[in-house]
Every structure is written in C-alpha cells, then in structure tokens.
Amino acid sequence: MADTVYADKSSWLAFLRILFLGIGASFTVAGIIFFFAYNWADLNKFVKLGLLEGLVLLVSLGVLFFKTNPLVKKVLLAATAILVGASLAVFGQVYQTGANAYDFFLAWVLFISLWVIISRFAALWVIYIALINTTIFLYADQVAQDWSELFVINFLFVVNLFFLIGFLLISKFKPDRRFPVWSTHLLALAITVIGTIGVSMGIFEDPEPLFWMLFVLVGISYGLGVWYGLKAHNIFYLAIICFSVILIICDLLLHASEGAGMFFIIGLFIIGSVTVLIKILMKLQRKWTR
C-alpha cells in the first residue's frame, strides 16, 4: 500500500524536473511581457512587433530543429503559444484596432490550434481550453448580450464536458497518447464547479427550460462520473461529485427557508454528510489498494 501512496526518489526527481522546467519557461515569458510593459513608451512600433515576432519565429525553429528532450520541446512550444498572445496584444495596442476582448482570445485560439493538436502536450491543452472558455464568456458579455447566464453556463458545461470525454477516450484507446491524470482531474473539477454554480443559480431563480436542461445534463454527467470513478477505482471523481451534490442540497434547503433554524439544519447536514462521505471514500480507497 505504501507504494501506491508515497512517491519514491525517481518520482520526486521527475516531478522536480518538470516543475523547474515549467517555472523557468513561465518566468522567461513573464520577463518578456514585463520588458515590453516597462519600456513601452520608449520602443518604436516596429521594434515592438519585430522583437516579439522574432522570438516566436526563433523559438518555433528551435522546437523544430533543436535536438533535445521531447518534454523540453513541448514546454518551448507552450511558451511560444503564450508569446503569440503577447504579440497579438502588442499589435492591438500599436494599431488601436478597437476590437472587442473576445476577438483577441478568439484569434489566439485559432492561431495556436495546430500547435496544440500536434504537440500532444497536456499543459498546452489546458491553456487552450482556458482560452476557449474565456472567448465564450467574453463573447456572451460583449456581443451576445441577449444570452442568459444559464445559457452561457450550459454552453461552457457542454464544451468542457466534450473535452473531458475526448481526453478519457483518447487515454483509453490510444495508450501512447494518454493524457496525464492531473489534466483530466483539473478539467473534471472545472466541469463540476460550472455545474454546481449553474444549478445553484437556477434554484434561486424562476425555473426555466435552460435550467432543466442543465439539471438533466448535470445529472447524467454526475451519474456517468460516479460510474467511471467506481469502474476506474478513482476516488477523485466520486469526491468532487458528492461534494457538489452536498452543496446543491444545501442550496435547496436555503431556498426553502432563510431562517436561523434552517442555517442550523444546513450546518448539521454539512457536518454529517461530509463525515459519512469521507468515511465511505476512505473505505473504498482501502479496498482498492489492497
């Protein structure tokens, strides 16, 4: 059991290698962005664009022709994808395009799509999905202002669920392209948060078809998540789904009454349900690690 709980020396070395590589790339990109922010007024517009485009081209060529560890190449490609966003931001500031914020993120998504697909790098996929979510949210806020909040939440829920199912299917049927567990867990957590917020909002508002659509989607997704968690012996899915259900039940109780007595009942419910849930999850974990 200790082998499944505690990391050994090689696991720690691999983790630290990836951690320091990611931190180094992140600080380098941040340094480039802050360089332009600090020296913005003193730089010619051609210098601003030329430096960034030159960096994008230089790093891209390095990824193609530099012989090194594949992980280093993937990190460099992720850094290049971020520099693409920085170059788009500089272009918008130099020429004052007046575009909406969603245009910037949409262009960013389109320009790095090919890199994301061919890289098969989970961290770059996470950045890509975050950009897609930001694009949808800003489009709804700036352009499609007739979209209701529940419609946007439905949209985001379906988009993220699509990516999660795709990741899991690829990991199952293409073992050589398996996505790391942390990426699928992070995406599942985001889906659970979106679903919890959407259902909670619908509880405190007048029910509408979009709420019931989201409620059905969340119910089916949670059911499949519990089934997958039990089948794959994955405690994470069971935990986040059960905690989400506990929060939704608390919202239902609070919607029924906002008196002091109900807050006391909700407190007791949280203590009792969380205690029982943790006990069940620990029992399952011990059973699966034998």
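Procedures and definitions
- Numbers given to residues run from 1 along each chain, matching the order in which its sequence is written.
- Thresholds applied to this predicted model are a pLDDT of at least 70 for local features of residues and 80 or more for the giving and counting of side-chain atom pairs; totals over whole chains, interfaces and linings are not thresholded and use all residues.
- Where side-chain values are given, they derive from all heavy atoms of the structure, hydrogens and water being excluded.
- Numbering of helices and strands runs from the N terminus; a helix is a DSSP stretch of H or I covering at least four residues, while a strand is a stretch of E covering at least two.
- Any two residues having at least one pair of non-hydrogen atoms within 4.5 Å are treated as being in contact.
- Residues forming no salt bridge and having over 30% relative accessible area are the ones grouped into patches, like charges within 9 Å of each other and nonpolar side chains (Val, Leu, Ile, Met, Phe, Trp, Tyr) within 5 Å.
- Only the protein chains shown count as cover for residues, and the accessible areas themselves come from Shrake-Rupley with a 1.4 Å probe.
- The salt bridge definition used is simple: a Lys or Arg side-chain nitrogen within 4 Å of an Asp or Glu carboxyl oxygen.
- Between buried and exposed lies partly exposed: a residue is buried under 20% and exposed over 50% of the maximum accessible area for its type, with that area taken using a 1.4 Å probe on protein chains only.
- Here a polar contact is taken to be a pair of N or O atoms separated by no more than 3.5 Å, where protein atoms must pair a possible hydrogen donor with a possible acceptor and residues adjacent in sequence count only if both atoms sit in side chains.
- For the charge count, each Lys or Arg is scored as positive and each Asp or Glu as negative, with His and the chain ends excluded.
- A charged residue contributes its charge at one atom only: NZ of Lys, CZ of Arg, CG of Asp or CD of Glu.

Draft legend 1. Region of interest: the environment of Leu156. Structurally, the position occupied by Leu156 is in helix H7 (residues 149-173). Residues Leu156 and Leu189 lie 33 residues apart in sequence; the distance between their C-alpha atoms is 13 Å. With near-sequence residues (within four places) excluded, Leu156 lies in contact with Asn133, Ile136 and Ile194.

Draft legend 2. Main features of a nonpolar patch on the surface. A cluster of nonpolar side chains, Trp12, Leu16, Leu19, Phe20, Ile23 and Phe27, forms an exposed patch at the surface whose accessible area comes to about 620 Å². Its place among the elements puts Phe20 in helix H2 (residues 9-38). Judged by its relative accessible area of 55%, Phe20 falls in the exposed class.

Draft legend 3. Focus on the side chain of Ser221. The residue Ser221 is located in helix H9 (residues 209-232) in this model. Of note is the side chain of Ser221, whose polar atom sits 2.7 Å from the backbone oxygen of Leu217. Here Ser221 is in contact with Phe157 and Leu161, once residues within four sequence places are set aside.

Draft legend 4. Structural context of a positive patch on the surface. A contiguous patch of positive charge, built from Lys279, Lys283, Arg286, Lys287 and Arg290, is present on the exposed surface. Counting through the fold element by element, Lys283 comes out in helix H11 (residues 260-288). Residue Lys283 is classed as exposed on the basis of its relative accessible area, which comes to 59%.

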